[in-house]
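Single-letter residue listing:
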Amino acid sequence: MASASVRTFTLLGIEAREVVAEVDVTQGLPSFSVVGLPDAAVRESRERVRAAISNSGFTFPQQRITASLAPANLRKGGPGFDLAIAAALLACRNELDPSALAGVALAGELALDGTVRSVPGVLAMAERAAELGIEKIVVATESAPEAALPAHLNGGSSKDLRIVPVHRLADLRLLGTSAEPSYDFSAAPRPALAATAGRDLADLRGQPVLRRALELAAAGNHGLLILGPPGAGKSLAARCLPSLMPPLSDAEALEVLRIASACGRADASLASVQRPFRAPHHTVSTAGLIGGGTPPRPGEVTLAHRGVLFLDELGEFTRDALEGLRQPLEDGEVTITRAAHTVRFPSRFLLVAASNPCPCGRGPTHPECECPPGAVRRYQGRISGALADRIDLAVTVEQPSGETLAGEPGEPSVAVRARVIAARERAAARQGDIPNGELDAAALRRHVRLTRAGRQELARGYRALGLSGRGHDRVLRVARTIADLADSDLVDADHIAGALAMRRKGAR
């Protein structure tokens, strides 16, 4: 047999795209070429495939070999094509039964001794294989639990996909035989969807307004800006927030794991899946924060999907990086367009930002602050009005007194989380899985029922603060969450007043 083809996958962002590895062996001077827009890692597969075949008891042909990865206009990257190229080459030589490769997809990197290694994105590849009706997917042994995650978490068509774990290239001889290895779904329990571990809210002494803002943020998925001097508890509060949020649902856990898998980090999440918490340094580039590069890679906003993104020292981030947050905050995704394709990364995260009031951190009203007025304006101006308008909650904090720090601990996270879960369940019964902080204008009109006093309070606040249309809607979202925490179907004047009190001065 002079040619053979095998199905495999490549990653485009965090999504798997089908690729057909076609191998042709003809007479001629010995050579081995790979075509189909391969990157350096794919071109180097020639040497890995050559050594793995020779060291696995097979005969490497001393002929002209051409491996084509179709479609040819899709750029291919990474070492995940090694196993498919080797299998197609062995099928050409009839050292593997070509019929055993029908309805099979393969994904894995080859070591020089023929060992099969795991590759990023196996979870997305298994999902795509199930969608395409592929019967089996062959992966490295250590990748099998990752490939089984869709079946564990959604119970859909992925249950019909057979996972074949292989340790060495020579194990491909078992395909289609009674000795073919198969992953036992019942042997590995589904990942636990646990509450995110983190700092307990009891560690945050005093600060009742900040504690209330954290509860609102967790209950409605509202962005939060904390302003105050160093030592006031801003970073501690942000690190307490994940412990207040409910565990992930199955669908959310699958989204989080899909991103982790594409980044090669799914192994750490197989036993327990928690909401992500990301805290990039203020020196992060715009591409590192939002995503980008060639090929496009997810940024921090995507790695924080369904979790918390904490930006400490917000005023120290570059203006370009902060302005880049506007699209993911508004749309819940990042769109990166290149000449050949467009990639979309999910980015529904809860933004928590902390900032000092001025460059020295003490604040312009502090007697020891020596910052000139111009420096203070420039520092605070880095948080543009457009970005501040997209953050629902803003609180100003002061350093707690010594008596407060030495006093009794505050209410623990577990008690607050119970109220948060109850408020979210109330919202879910009313509007589905969309939290209050993500309701669009039409949904707000349907689900926010104002009392007469509530309408009057909202009109007063609209005039007094000079709110924009976006600011008006964000006040309604926060008020709806306050009402849910109070177990109220109607949004009253007190709820509106509470939402207006947490609107940042200058944000419209």
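Computed from a predicted model, the values in this text were never measured in an experiment. (Residues numbered from 1 in each chain as written. Predicted model: local features only at pLDDT ≥ 70, side-chain atom pairs only at ≥ 80, totals over all residues. Heavy atoms only, no water.)

> Quick one: what's the story with the overall build of the protein, residue by residue and with numbers?
Looking only at helices and strands, the protein has 21 helices and 20 strands in total. Once the C-alpha set of the protein is aligned to its principal axes, its extents read approximately 85 × 50 × 45 Å. Across the 508 residues that make up the protein, the buried fraction comes to 52%. Contacts spanning at least 24 positions in sequence make up 77% of the contacts within the protein whose residues lie at least 6 apart. (Helix = DSSP H or I, 4+ residues; strand = E, 2+ residues; numbered from the N terminus. Buried < 20%, exposed > 50% of the residue type's maximum accessible area, 1.4 Å probe, protein only. Contact = heavy atoms within 4.5 Å.)

> Pulling in residues and values, what's your account of the packing of helix H7 (residues 208–220) against helix H20 (residues 469–485)?
Closest axis-to-axis distance for the H7/H20 pair is 10 Å, and the angle between their directions is 95°. If you check the angle between H7 and H20, you find them roughly perpendicular. Facing Arg 212, Glu 215, Leu 216, Ala 219 and Gly 220 of H7, the residues of H20 in contact are Val 478, Thr 481, Ile 482 and Leu 485. Here the residues of the contact of H7 with H20 are counted per class, giving five nonpolar, two polar and two charged. (Axes fitted to C-alpha atoms, helices over the stretch in contact; angles between N-to-C directions. Parallel < 35°, antiparallel > 145°, perpendicular 65-115°, else oblique. Nonpolar A, V, L, I, M, F, W, Y, C, P; charged D, E, K, R; others polar.)

> Could you give me a rundown of unusual backbone geometry, with the residues and numbers involved?
A cis amide bond, omega 5°, links Ala 70 with the succeeding residue Pro 71. Note on placement: Pro 71 falls in the loop between strand E4 (64–70) and helix H3 (82–92). Unlike most non-glycine residues, Asn 221 shows phi in positive territory, near 60°. Tracing the sequence through the fold places Asn 221 in the loop between H7 and strand E11 (224–227). By relative accessible area, Asn 221 is classed as buried at 14%.

> If you had to explain the domain arrangement of the protein to someone new, which residues and values would you point to?
Domain boundaries in the protein define domain 1 (3–174), domain 2 (201–429) and domain 3 (439–508). Measuring from the centre of the C-alpha atoms in domain 1 to the corresponding centre in domain 2 gives 40 Å. Between domain 1 and domain 2 the total buried area reaches about 1,500 Å² when both faces are included, carbon and sulfur atoms providing 71% of it. With a shortest N-O distance of 2.8 Å, Glu 127 and Arg 258 are connected by a salt bridge. Where domain 1 packs against domain 2, one counts five residue pairs in polar contact (both at pLDDT 80 or more). Among the elements of the structure, strand E1 (3–12), helix H4 (122–131), helix H5 (144–147) and helix H6 (149–154) are those that each provide at least two residues to the side of domain 1 that touches domain 2. When the residues that make up the side of domain 1 that touches domain 2 are grouped by side-chain class, the tally is 11 nonpolar, three polar and two charged. (Domains from an automatic or database assignment. Buried area = accessible area lost by both parts, 1.4 Å probe. Salt bridge = Lys/Arg side-chain N within 4 Å of Asp/Glu carboxyl O. Polar contact = N/O pair within 3.5 Å; in protein donor to acceptor, adjacent residues only side chain to side chain.)

> Mind laying out helix H14 (residues 373–381), listing which residues take part and the relevant values?
Since there are 3.6 residues in each turn of an α-helix, residues three or four apart along the chain are aligned in direction. The set of residues buried in H14 consists of Ala 375, Val 376 and Tyr 379. On an axial view of H14, the arc spanned by its buried residues comes to 100°, and they lie on one face. For H14, the exposed residues set more than 90 degrees away from the buried face come down to Pro 373, Arg 377 and Arg 378. Buried-residue contacts for H14 involve strand E19 (350–355). (Arc of directions from axis to C-beta.)

> Describe helix H19 (residues 452–465), listing the residues and the values that go with them.
In this model, H19 (14 residues) spans 20 Å end to end at C-alpha, consistent with the 20 Å of a helix rising 1.5 Å per residue. Of all the positions in H19, only Gly 454, Glu 457, Leu 458 and Gly 461 are classed as buried. Down the axis of H19, the sector holding all buried residues measures 100°, keeping them to one side. When the buried face of H19 is taken as reference, the exposed residues oriented beyond 90 degrees from it are Arg 452, Arg 455 and Arg 463. Against the buried residues of H19 lie H20 and helix H21 (493–501). (Expected span 1.5 Å × (residues − 1).)

> Run through the sheet that holds strand E16 (residues 308–311), naming residues and quoting values.
Spatial ordering of the open sheet is given by E13-E16-E19-E11-E20, a layout of five strands whose pairing is parallel. Of all strands in the sheet, those with a lone pairing partner are strand E13 (277–278) and strand E20 (393–396), marking the two edges. The strands that H7 touches are E11, E19 and E20; relative to E20, the one it contacts most, it runs at about 165°. (Pairing = 2+ DSSP bridges.)

> Explain the pattern of salt bridges to me, using residue names and the numbers behind them.
Tallying each qualifying case throughout the model produces 28 salt bridges. Salt-bridge contacts for Glu 215 lead to Arg 419; the nearest nitrogen and oxygen are separated by 2.8 Å. You can see Glu 215 sitting in helix H7 and its partner Arg 419 sitting in helix H17 (residues 413–431), a full 204 residues away along the chain. Residue Glu 215 is classed as buried on the basis of its relative accessible area of 7%. With its nearest N and O atoms 4.0 Å apart, the salt bridge here joins Glu 252 to Arg 306. Of the two residues, Glu 252 is situated in helix H9 (residues 250–262) and Arg 306 in the loop between helix H11 (300–303) and E16; the sequence distance between them amounts to 54 residues. Arg 306 matches Glu 252 in its accessibility class, with the two residues each being buried.

> I'd love a proper account of the nonpolar core, names of residues and values included.
Of all hydrophobic cores here, the largest spans 49 residues; its most connected members are Leu 210, Leu 214, Leu 224, Ile 226, Leu 241, Val 352 and Ile 496. Summarising the domain contributions, this core has at least three residues from each of domain 2 (201–429) and domain 3 (439–508). If we skip the residues at most four places from it in the chain, Ile 496 touches Leu 450, Gly 454, Glu 457, Leu 458, Leu 476, Ala 479 and Val 491. Counting residues in hydrophobic clusters, the runner-up holds 42 residues, among them Phe 58, Leu 69, Ala 100 and Leu 172. (Core = buried A, V, L, I, M, F, W, Y, C linked by side-chain atoms within 4.5 Å.)

> Please provide a residue-by-residue account of the environment of Asn 221, values included.
Between the C-alpha atom of Asn 221 and that of Asp 392, which follows or precedes it by 171 residues, the distance is 9.4 Å. Setting aside chain neighbours within four positions, we find Asn 221 in contact with Leu 216, Met 245, Phe 349, Leu 350, Arg 424, Pro 435, Gly 437 and Glu 438. Of note is the side chain of Asn 221, whose polar atom sits 3.2 Å from the side chain of Glu 438.

> So, the environment of Gln 399: which residues are in play, and what are the values?
Structurally, Gln 399 is set in the loop between E20 and helix H16 (402–405). The contact partners of Gln 399, leaving out residues within four places of it in the chain, are Pro 229, Pro 230, Gly 231 and Ala 232.

> How would you explain the packing of aromatic side chains if you had to name every residue and give the values?
With the rule as written, the count across this model stands at two aromatic pairs. Ring plane angle 45° and centroid distance 6.0 Å describe the contact between Phe 32 and Phe 60, whose orientation is recorded as tilted. On the criterion of sequence distance, the pair formed by Phe 32 in strand E3 (residues 31–35) and Phe 60 in the loop between helix H2 (45–54) and E4 is long-range, its members being 28 residues apart. Note on accessibility: Phe 32 and Phe 60 belong to one class, buried. Between the aromatic rings of Phe 277 and Phe 310, the centroid separation amounts to 6.3 Å while the plane-to-plane angle is 35°, which identifies the pairing as tilted. Of the two residues, Phe 277 sits in strand E13 while Phe 310 sits in strand E16, which places them 33 residues apart along the sequence. (Phe/Tyr/Trp six-rings, centres within 6.5 Å; stacked < 30°, edge-to-face > 60°.)

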